[in-house]
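# Coordinates in review
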Amino acid sequence: MHEFAAVQSQTELPKHIEQVRYLVGERWGLVLRPYISKNQTEEEVPFRKAGSYVITGGLGGIGFTLANFLAKNYQAKLVLIGRSSLTTKQQAQVQDLERLGSEAIYQQAEVTQKEDVQALVVAAKQKFGEINGVIHGAGVLRDGLIMNKSLDEIQAAVDPKLYGTLWLDEFTKHEHLDFFALFSSLASVY
């Protein structure tokens, strides 16, 4: 969720505020705030103890941070998805999650490919019986202004988000998911 909040400084904006507006003589800056529904407290999170979760981009920055959180706090059963073969460093990451009390497996899959996503969902269900949540954090980093990008560069960045979402939704639509979380760049907010 994002909203405008009053900015105290009239000369310099804090680094996290990039958009400003003036309203009735006051300076306001756009800030991001966590969203909590009216019926939910911060303590009521959708994670289950020993719940099973599919995390695309599971050994990347966002994905591994979330996997680590779920392993440490919920001893979650994790299906970590990535495009490439497992490296020695990534094997160590999976072992780190298991040391935290998690059961973790790595599945190589290309989320833009319908058959790969179907296979990863089948593998997750065979291993853990059910899927309680999906965290779609897979993506290809293509920093820079869109006007400086070729169509191929744009497609490389958008396809994993778009097709990954479509195929994950398609193959988990009959699951009783507690949540389906999508991650994107902060730039998508603006």
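Quick look at the structure, then. Worth saying up front: this structure is predicted, and the values here are computed from it rather than measured. (Residues numbered from 1 in each chain as written. Predicted model: local features only at pLDDT ≥ 70, side-chain atom pairs only at ≥ 80, totals over all residues. Heavy atoms only, no water.)

### Things to note about the side chain of Thr 172
With respect to the helices and strands, the residue Thr 172 is situated in helix α4 (residues 151-172). For Thr 172, a relative accessible area of 3% corresponds to the buried category. Not counting residues up to four positions away in its chain, the partners in contact with Thr 172 are Val 121, Val 134, Leu 177 and Phe 180. (Helix = DSSP H or I, 4+ residues; strand = E, 2+ residues; numbered from the N terminus. Buried < 20%, exposed > 50% of the residue type's maximum accessible area, 1.4 Å probe, protein only. Contact = heavy atoms within 4.5 Å.)

### Overview of the sheet that holds strand β4 (residues 52-56)
Taken in spatial order, the five strands of this open sheet run β6-β5-β4-β7-β8, and their pairing is parallel. The strands lining the two open edges of the sheet, one partner per strand, are β6 (103-108) and β8 (179-182). Across this sheet, the average inter-strand angle for adjacent strands is 15 degrees, counted without regard to direction. Across five bridges, β4 lies against strand β5 (residues 77-82) in parallel orientation. The residue bridging Ser 52 from the neighbouring strand is Lys 77, located in β5. Running at roughly 160 degrees to β6, helix α3 (residues 114-128) makes contact with β4, β5 and β6 of the sheet. (Pairing = 2+ DSSP bridges. Axes fitted to C-alpha atoms, helices over the stretch in contact; angles between N-to-C directions.)

### Quick word on the pairing of β4
Both faces of the sheet carry side chains from a regular strand, because those side chains alternate between them. Along β4, five of the five residues are buried, which leaves the element largely enclosed by surrounding structure. The side-chain alternation of β4 yields two buried faces, one formed by Ser 52, Val 54 and Thr 56 and the other by Tyr 53 and Ile 55. With four bridges joining them, β4 and strand β7 (residues 133-136) adopt parallel strand pairing. Counterpart to Val 54 in the pairing with β7 is Val 134.

Geometric values such as these leave the question of function open.
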